[in-house]
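# Examination of the molecular architecture
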Amino acid sequence: MAESACEYKPGLEGIPAAQSSVSYVDGGKGVLEYRGINIEELAKNSTFLETAYLLIWGELPTTQELAKFEADIIEHRWIKYHIRDMMKCFPEGGHPMDALQASAAALGLFYSRRALDDPQYIYQAVVRILAKIPTMVAAFHQLRNGNDPVKPVGDLGYAGNFLYMLTEKKPEPLVARIFDVCLTLHAEHTINASTFAALVTASTLTDPYAVIASAVGTLAGPLHGGANEEVLAMLKEINSVENVRPFVEERIAKKEKIMGFGHRVYKVKDPRATILQSLAERLFDLIGFDNYYEIALELEKVVGEKLGHKGIYANVDFYSGLVYRRLGIPTDLFTPMFAIARVAGWLAHWKEQLSINRIYRPTQVYVGNHNIQYVAIQERNGR
Ligand code: ACO
């Protein structure tokens, strides 16, 4: 078929770009499953690391497998002093997602062996990446505030240890549990923009650190993982419940997006937003209410009234920002925390891609000219 005869779909909407058994979304019914298990069940019963194991290896681990996986991750939580010193040179005002992308790519310098057909190499890479990404996020945060990074501790779980490295305070068990559930909810979501970036990079058979760095860069954009930061900026701008309706009306009139709403796949409320909303409420019961919550509730109501007919409802980013804010986490770390979780999904897709690999090389619909003559520079100057 000639290239010009191909049907072009902007954003590849509705075009399958992979076959995958990692996760499943029914956007009409608001269903999300990881390896066939409903997200509500995992949020209730599993932990982030157990869920990561499920996503990457395809089945829930035994007690022994999970214990080994957790112990290996604890052992690899440290980062080399070269990485720490490199991070010290990053500008304090730089965005933590840029710092994370650079640090993730730098890991490839230290673990450069590319034995992609060796299961032991794959296991080690998975462990290293899952273990070191949270340490690097927390280290950049400490360094930009003029502090040395806080060393990871072995007696805290994955989520608790991250919060500890960020604040130097051991979190309440319920707070650590709530954050762990947030990680589970963000761990995977079929073939979104960052996962697609990971797949394209993986398909060249480069190292897994380049795969993760590529995905982190993609997640950083405001239409993807960056939306949770924008949600908080928007709630701040709205400032009161009374301002919600005029704000929504103005945005719609100007054809501007309301952040934290809408999804390419979900045409009902994102199931993760529902779970995050109840987690936010549990957190408020434990450590006090957040005045942005009332604004958020009113915003959800008004957007539902005005845009519900288009299938635009709250997405995962709408309530995650409120939970993180209440945990005292700086706004510009929201997307890196999304990345910490999503690493599990990216690694699952990387591993799946390796098993069926063919390099991505799509086609395009050329809309330019042909047979244009080269014009010498002196003849172009009078244009
Ligand atoms: N606010 C207002 N209108 C919206 C919104 C929104 N948040 N989202 C979609 N629409 C409208 C569009 O204006 C468009 O209307 P039209 O058909 O009258 O022109 C229609 O719905 C379709 O919108 P698209 O942008 O074409 O939908 P697409 O599937 O390409 O985009 C996206 C999905 C990027 C998530 C979009 O809904 C959006 O920009 N939302 C705000 C940003 C956001 O919250 N992103 C996080 C998504 S979740 C995640 O990535 C983890």
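Residues numbered from 1 in each chain as written. Predicted model: local features only at pLDDT ≥ 70, side-chain atom pairs only at ≥ 80, totals over all residues. Heavy atoms only, no water.

### Structural notes on the layout of surface pockets
Gaps left between atoms show up when a probe the size of a water molecule is rolled over them. Applied cut-off: Both site types are read off a 1 Å grid over the protein atoms alone. A 1.4 Å probe that fits but cannot get out defines a cavity, while an open set with protein on both sides within 12 Å along at least five of seven lines defines a pocket; lining residues have an atom within 4 Å of a point. Grid points are joined across faces, edges and corners, and a volume is the space filled by probe spheres set on the points. Counting from the N terminus, the helices are DSSP H or I runs at least four residues long and the strands are E runs at least two residues long. Only Asp, Glu, Lys and Arg are considered charged, only Ala, Val, Leu, Ile, Met, Phe, Trp, Tyr, Cys and Pro nonpolar, and every remaining residue, Gly among them, polar.
When its volume is computed, the largest pocket comes out at roughly 1600 Å³. If you go around the largest pocket, you meet 49 residues; those closest to its centre are Leu223, Gly262, His263, Arg264 and Val265. Of all the secondary structure elements, the ones that give two or more residues to the lining of the largest pocket are β1 (23-26), α9 (193-202), α12 (244-253), α15 (316-326) and α16 (334-355). Of the volumes computed, that of the second largest pocket is approximately 520 Å³. Taken together, 21 residues line the second largest pocket, and the ones lying closest to its centre are Leu12, Ile15, Arg361, Pro362 and Thr363. In terms of residue class, the lining of the second largest pocket is built from 13 nonpolar, four polar and four charged.

### A look at empty space enclosed by the protein
This structure, assessed with the given rule, holds one cavity of 30 Å³ or more. Its boundaries defined by the atoms lining it, the largest cavity holds a volume of some 30 Å³. Together, Ala18, Gln19, Leu199, His349, Glu352, Gln353 and Ile356 line the largest cavity. A per-element tally of the lining of the largest cavity places α16 first, with three residues.

### Here's the deal with the nonpolar core
Condition: As used here, the term nonpolar core means buried Ala, Val, Leu, Ile, Met, Phe, Trp, Tyr and Cys residues forming a set that is joined through side-chain atoms within 4.5 Å. Each residue is assigned to one of three classes by its accessible area relative to the maximum for its type, calculated with a 1.4 Å probe on protein chains only: buried under 20%, partly exposed between the two thresholds, exposed over 50%. Any two residues having at least one pair of non-hydrogen atoms within 4.5 Å are treated as being in contact.
In terms of nonpolar packing, the biggest core is built from 118 residues, with Phe48, Leu130, Phe179, Leu299 and Trp350 touching the most fellow members. Counting residues per element, this core draws most heavily on helix α6 (residues 119-144), at 16 residues. When neighbours within four sequence positions are excluded, Trp350 is seen to be in contact with Leu116, Ile122, Ala125, Val126, Ala202, Pro208 and Val211.

### Let's talk about the site of the ligand
What counts is decided by this rule: Near residues are defined by distance, with any heavy atom within 4 Å of the molecule or strand qualifying the residue. Two N or O atoms count as a polar contact when they lie within 3.5 Å, although within protein this holds only if one can serve as hydrogen donor and the other as acceptor, and sequence-adjacent residues are included solely when both atoms are side-chain atoms. Areas reported here follow the Shrake-Rupley algorithm with a probe of radius 1.4 Å; residue values treat only the protein chains shown as occluding. For each domain, the first and last residues come from an automatic or database assignment.
Taken together, 19 residues are adjacent to the ligand, and Lys257, Ile258, Phe261, Arg264 and Lys310 come closest. Between the ligand and Lys310 there is a distance of 2.7 Å, counted from an oxygen atom to a side-chain nitrogen or oxygen. Taking 920 Å² as the accessible area of the ligand by itself, protein coverage stands at 69%. Split by domain, the residues of the shell around the ligand number at least three in each of domain 1 (20-225 + 332-355) and domain 2 (227-326).

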